Amino acid sequence: RRVPGYKGYCCGQPTISGFEACLTKVCGETYPKDGKIIWLNLRQEPNVYINGEPVCARPPSKIGEYAELGNVTRASVKADEVEFMDVCKKRVEENGGKLKVVDINKVEKEMEVKKIDTLSSVIENLKEKFPGLIHMRIPVCNSASPLETDFDILCNNLVGSSINTPIIVNDQVGLSRATSGCVASCLFKEFQISASFDGLLTTVPGMNLDLLKMDRYQMDMSKDALFRGEFECVKELLATLKDGERAKNTCDKIIDKNGPKKSGGTGIKQLRENIAESKLSYEIMDDAAQAFLKTKIMDNIHKDFYMIAFTAYI
């Protein structure tokens, strides 16, 4: 899916043929296939491809479940991927060319393995047709905010790209992590647009900035304060930041465009309103579910807080 108004795209983990189909669609008829394309993979899990289909390593208790895998880095997930590949190959040899896997519906299957590849080798093969492809792993957790170092890695990879450079973000299914990464990427694109306007102001005599501001986003004030993201910690942040209200307004606009159709987007998850929806569900849950939901709510408020701070920073 594409974010309206931006060359930002979200997806789940593609098959090998899905990778090429995605890149071909992103290029369309006009963008050169040898042009720069940035692909950000936000998964914490190591992946291999069996017969062209993605298979990941997860704890047995977290298959098809919400999972936080701890302090995972780009280096550690690449090392885990090599080890995962070796484990899979060994099991295939011991099982007559077949491998047992469990799908996201927790159904065990046995696959006949004809070909097995690492994600890294799949990406290298794609570069034969798309030599400008840059694939960067930024492993992030599911609900909480990306780390400060994650924001740094994202910015470092986007610096030097043009406003029309496609940015593709994936996680397992294109939901929470991919949406978070795409929001941050679109915020960077918004910074590029603002910088272009600043350039016009300094080079064209008499240019009026108000004439360039086509975006008139306003929060729907009829919504409940929780749905508007007016949490106490956010209010304190806005009071502390220089031009904090403007930063929140810009961040809210990008979150809405990355959300579902009802908020003006094409996505699946509304990062800000999901917090309020979770809080409304809290009271009807049992004790165990409440403990889980409380952590999730706090994590998502943390993410919203950091997204506003990131907006103000850039």
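Trainee: Tell me about the packing of aromatic side chains, residues and numbers included.
Mentor: Scanning the model with the defined rule gives five aromatic pairs in all. An aromatic cluster of three or more residues is present, and its members are Phe 19, Trp 39 and Tyr 49.

Trainee: I'd like a description of the sheet that holds strand 4 (residues 53-56), backed by residues and values.
Mentor: The strand order across the open sheet built from three strands is 4-3-7, with neighbouring strands paired in antiparallel fashion. Only two strands of the sheet have a single neighbouring strand rather than two, namely strand 4 and strand 7 (116-118). Each strand axis lies, on average, 35 degrees off the axis of its neighbour in the sheet, ignoring direction. Pairing between strand 3 (residues 47-50) and strand 4: four bridges, direction antiparallel. Directly across from Ile 50, in strand 4, lies its bridge partner Glu 53.

Trainee: Before we move on, can you summarise helix 1 (residues 16-27) with the specific residues and values?
Mentor: Compared with the 16 Å implied by 1.5 Å per residue over twelve residues, the 17 Å span of helix 1 between its first and last C-alpha is a close match. Buried within helix 1 are the following residues: Phe 19, Leu 23, Val 26 and Cys 27. Along the axis of helix 1, the buried positions cluster into a sector of 100 degrees, meaning they face one direction only. What points out from helix 1, more than 90 degrees from its buried face, is the exposed set Ser 17 and Lys 25. Considering only its buried residues, helix 1 is in contact with strand 1 (8-11), strand 2 (37-41), strand 3, helix 3 (119-126), strand 8 (133-137) and strand 9 (167-170). Two residues or fewer after helix 1 comes Gly 28, characterised by a positive phi angle close to 60 degrees.

Trainee: So what's going on with the state of the cysteines? Which residues, and what values?
Mentor: Going through the model one piece at a time under the given rule, you end up with zero disulfides. Unpaired in this structure, Cys 88 has its nearest cysteine sulfur neighbour in Cys 56, at a distance of 10 Å. For Cys 88, a relative accessible area of 4% corresponds to the buried category. Free cysteine Cys 155: the closest other cysteine sulfur is in Cys 186, separated by 13 Å.

Cut-offs applied
Residues numbered from 1 in each chain as written. Predicted model: local features only at pLDDT ≥ 70, side-chain atom pairs only at ≥ 80, totals over all residues. Heavy atoms only, no water. Phe/Tyr/Trp six-rings, centres within 6.5 Å; stacked < 30°, edge-to-face > 60°. Pairing = 2+ DSSP bridges. Helix = DSSP H or I, 4+ residues; strand = E, 2+ residues; numbered from the N terminus. Axes fitted to C-alpha atoms, helices over the stretch in contact; angles between N-to-C directions. Expected span 1.5 Å × (residues − 1). Buried < 20%, exposed > 50% of the residue type's maximum accessible area, 1.4 Å probe, protein only. Arc of directions from axis to C-beta. Contact = heavy atoms within 4.5 Å. Disulfide = S-S within 2.5 Å.

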